[in-house]
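Inside the fold
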Amino acid sequence: MNAKNWRETVAKGVTVAKPVYAAQIALYQAYMEATVPGISANPALFTAINKDTAELHHDLVPFDADLAQRMSDRGVRILRATDAGELLPRIAANRDFFECRFCPCAERCWSLPA
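For the rest of this paragraph, the subject is the overall build of the chain. The helix and strand inventory of the chain stands at six helices and two strands. For the chain, the succession of helices and strands along the chain, N to C, is α-α-α-β-β-α-α-α. For the chain, the C-alpha radius of gyration of 18 Å lies well beyond 13 Å, the compact-globule estimate for 114 residues. Overall, the chain is about 45 × 40 × 20 Å in size when its C-alpha atoms are taken along their principal axes. Expressed as a percentage of its 114 residues, the buried residues of the chain come to 25%. Partitioning the intrachain contacts of the chain with sequence separation of at least 6 by distance along the chain shows that 41% fall at a separation of at least 24. Accessible surface, the chain: about 8,500 Å² in total, of which carbon and sulfur atoms supply 59%. Within the chain, one finds 13 positive and 13 negative side-chain charges whose respective centroids are separated by 7 Å.

Here's what the structure looks like:
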């Protein structure tokens, strides 16, 4: 990660600084339990590399069962809506939202009614 993100992760920890990574870790721990017994009983080791300096930061992330369940439920909700042909709410109210500007689906998304 770039220096700014790396410093924030070092200062706040991955769970606060990068909640998307924390969700990914929780899902891995939850779904790997069947093939790697005990994985959720132990913290995951998250390693961040500062792209500018090659410094390493290690963070132990305990298993968050509630987060894993919420993210799993969210994925199911998205898949069900997709199967039903439903459009879920956009992440932003305006097309110029920074994430929308980089999204490959922006043209299609914003051409459809809200």
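Evaluated as defined, the whole model comprises two salt bridges. Between glutamate 8 and lysine 12 there is a salt bridge whose closest N-O contact spans 3.3 Å. In this pair, glutamate 8 and lysine 12 are both assigned in helix H1 (residues 3-12), four residues apart and thus about one turn of the helix distant. One salt bridge connects glutamate 107 with arginine 95, and the closest N-O pair in it is separated by 2.8 Å. Of the two residues, glutamate 107 is situated in helix H6 (residues 106-111) and arginine 95 in the loop between helix H4 (65-83) and helix H5 (98-101); the sequence distance between them amounts to twelve residues.

Our focus in this paragraph is the side chain of serine 72. Tracing the sequence through the fold places serine 72 in helix H4. Within the structure, serine 72 has its side chain in polar contact with the side chain of tyrosine 31 (distance 2.5 Å). Those residues in contact with serine 72, other than ones at most four positions away along the chain, are Leu27 and Tyr31.

With that settled, consider unusual backbone geometry. Despite not being glycine, alanine 54 shows a phi value in the positive range, around 70 degrees. Assignment of secondary structure puts alanine 54 in the loop between strand E1 (44-49) and strand E2 (56-61).

Counting across every chain of the model gives two aromatic pairs. With a centroid separation of 5.7 Å and 35 degrees between ring planes, the pair formed by tyrosine 21 and phenylalanine 46 is classed as tilted. Of the two residues, tyrosine 21 is situated in helix H3 (residues 19-32) and phenylalanine 46 in strand E1; the sequence distance between them amounts to 25 residues. With a centroid separation of 4.9 Å and 55 degrees between ring planes, the pair formed by phenylalanine 97 and phenylalanine 98 is classed as tilted. Over the ring of tryptophan 110 we find arginine 90; its NZ or CZ atom is 4.1 Å from the centre of that ring.

Rules used throughout
Residues numbered from 1 in each chain as written. Predicted model: local features only at pLDDT ≥ 70, side-chain atom pairs only at ≥ 80, totals over all residues. Heavy atoms only, no water. Helix = DSSP H or I, 4+ residues; strand = E, 2+ residues; numbered from the N terminus. Rg over C-alpha atoms; globule rule 2.2 N^0.38 Å. Buried < 20%, exposed > 50% of the residue type's maximum accessible area, 1.4 Å probe, protein only. Contact = heavy atoms within 4.5 Å. Areas by Shrake-Rupley, 256 points an atom, 1.4 Å probe, with all protein chains shown as cover. Lys, Arg positive; Asp, Glu negative; His and termini not counted. Charge placed at Lys NZ, Arg CZ, Asp CG, Glu CD. Salt bridge = Lys/Arg side-chain N within 4 Å of Asp/Glu carboxyl O. Polar contact = N/O pair within 3.5 Å; in protein donor to acceptor, adjacent residues only side chain to side chain. Phe/Tyr/Trp six-rings, centres within 6.5 Å; stacked < 30°, edge-to-face > 60°. Lys NZ or Arg CZ within 6 Å of the ring centre and 35° of its normal.

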